[in-house]
Amino acid sequence: MNFVDTHCHLDDEKFSDDLIEVIERAKIAGVQRIINFGGDLKTSAAAVELANRFSGNYAGVGIHPEEIADFDKNSAEKIIELAKNKKVVAIGEIGLDYHWEKDSEIHLLQQKIFIEQLEIAKSLNLPVCIHEREAHGDALKILKTEGKNLRGVMHCYSGSLEMAKELWKMGWLTGFDGPLTFKNSAKLPEIVKAAPREMILIETDAPYLAPVPNRGKRNEPAFVVDVAKKIAEIRGETLEDVARYTTENAEKLYNIGGIKF
């Protein structure tokens, strides 16, 4: 079985002492490809560096909504330059996050920069990885208007089933991570059960959100298999089925067929 961890952050300092071992454990677990996402210019460049260093690694570049303070014309130009690398497969992670930031003016600025980065994705013909937290209505509205003719994924999905159905109709995928395995996963199992196969991706968001049975520990790409196991349990499918179609979905969305570790 082959798996793809479609969202992680191996550039994080938590991997500074054992990155090679982490990647080896991923290989042993069957995780053949990993997509690392940036959240600012520094981490985007680091994601590209990792992608160039390891054959099974790819990169997404962009400015996270919590990192927009220094976004300007030069930032956009640098993202475009980074995205020219052949191992860059997406713009992201970008989007909206209203969890910590309650200022409506900052929300408007997040929306503006989100839209600007969607335009970058359009210009480069790249898919998008979206971070969205407690901004469901605004995110959906923007995707319906400014996200036309784009494809992508709502990373670490946290919205409602109704919103997910709207996203699926528009061709947007939903990414599922460790929280799906938590006892308090609430509505996520219902959403996973209802999701069309072609709209599901598996992720870790490592080093964050480690799934059961490793909850509370540092997350790593090998643990994406535990997310796949939970999806198989919820949907009454085999792990082989989940591995196959989530890998196919990742290959199709990110155009990463072929090259593995």
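No experiment lies behind these values; they were computed from the predicted model shown.

**Student:** Can you help me understand the overall build of the protein chain in this one?
**Tutor:** Helices and strands together make up the secondary structure of the protein chain, namely nine helices and eight strands. For the protein chain, the C-alpha radius of gyration of 17 Å lies close to 18 Å, the compact-globule estimate for 261 residues. Along the first, second and third principal axes, the C-alpha set of the protein chain runs to 45 × 40 × 30 Å. Expressed as a percentage of its 261 residues, the buried residues of the protein chain come to 57%. Across the protein chain, every contact between residues at least 6 apart in sequence was considered, and the portion connecting residues at least 24 apart equals 72%. Of the roughly 11,600 Å² of accessible surface on the protein chain, a fraction of 50% belongs to carbon and sulfur atoms. Mean positive and mean negative side-chain charge positions of the protein chain (34 and 42 charges, respectively) differ by 5 Å.

**Student:** Sorry if this is basic, but what is going on with the pairing of strand E2 (residues 31-37) here?
**Tutor:** The side chains of a regular strand alternate between both faces of the sheet. By the criterion of burial, E2 is predominantly enclosed, with seven of the seven residues buried. Note: strand E1 (residues 3-8) against E2, four bridges, orientation parallel. Its bridge partner being in E2, Phe3 is matched across the sheet by Val31. Regarding the hand of the β-α-β motif, the stretch spanning E1, helix H1 (residues 19-29) and E2 is right-handed.

**Student:** Looking at this structure, I do not really get the pairing of strand E3 (residues 57-61). What am I missing?
**Tutor:** Among the five residues that make up E3, five are buried, leaving the element largely enclosed by the rest of the structure. Going residue by residue along E3, you find Asn57, Ala59 and Val61 tucked away on one face and Tyr58 and Gly60 tucked away on the opposite face as well. Bridge count between E2 and E3: four bridges; the pairing is parallel. Along E3, the bridge assignment pairs Ile35 with Tyr58. After leaving E2, the chain enters helix H2 (residues 41-53) and then returns to the sheet as E3, a path that is right-handed. In this sheet, strand E4 (residues 88-97) lies alongside E3 in parallel orientation, the contact comprising three bridges.

About the criteria used
Residues numbered from 1 in each chain as written. Predicted model: local features only at pLDDT ≥ 70, side-chain atom pairs only at ≥ 80, totals over all residues. Heavy atoms only, no water. Helix = DSSP H or I, 4+ residues; strand = E, 2+ residues; numbered from the N terminus. Rg over C-alpha atoms; globule rule 2.2 N^0.38 Å. Buried < 20%, exposed > 50% of the residue type's maximum accessible area, 1.4 Å probe, protein only. Contact = heavy atoms within 4.5 Å. Areas by Shrake-Rupley, 256 points an atom, 1.4 Å probe, with all protein chains shown as cover. Lys, Arg positive; Asp, Glu negative; His and termini not counted. Charge placed at Lys NZ, Arg CZ, Asp CG, Glu CD. Pairing = 2+ DSSP bridges. Right-handed = clockwise from strand over helix to strand, strands pointing away.

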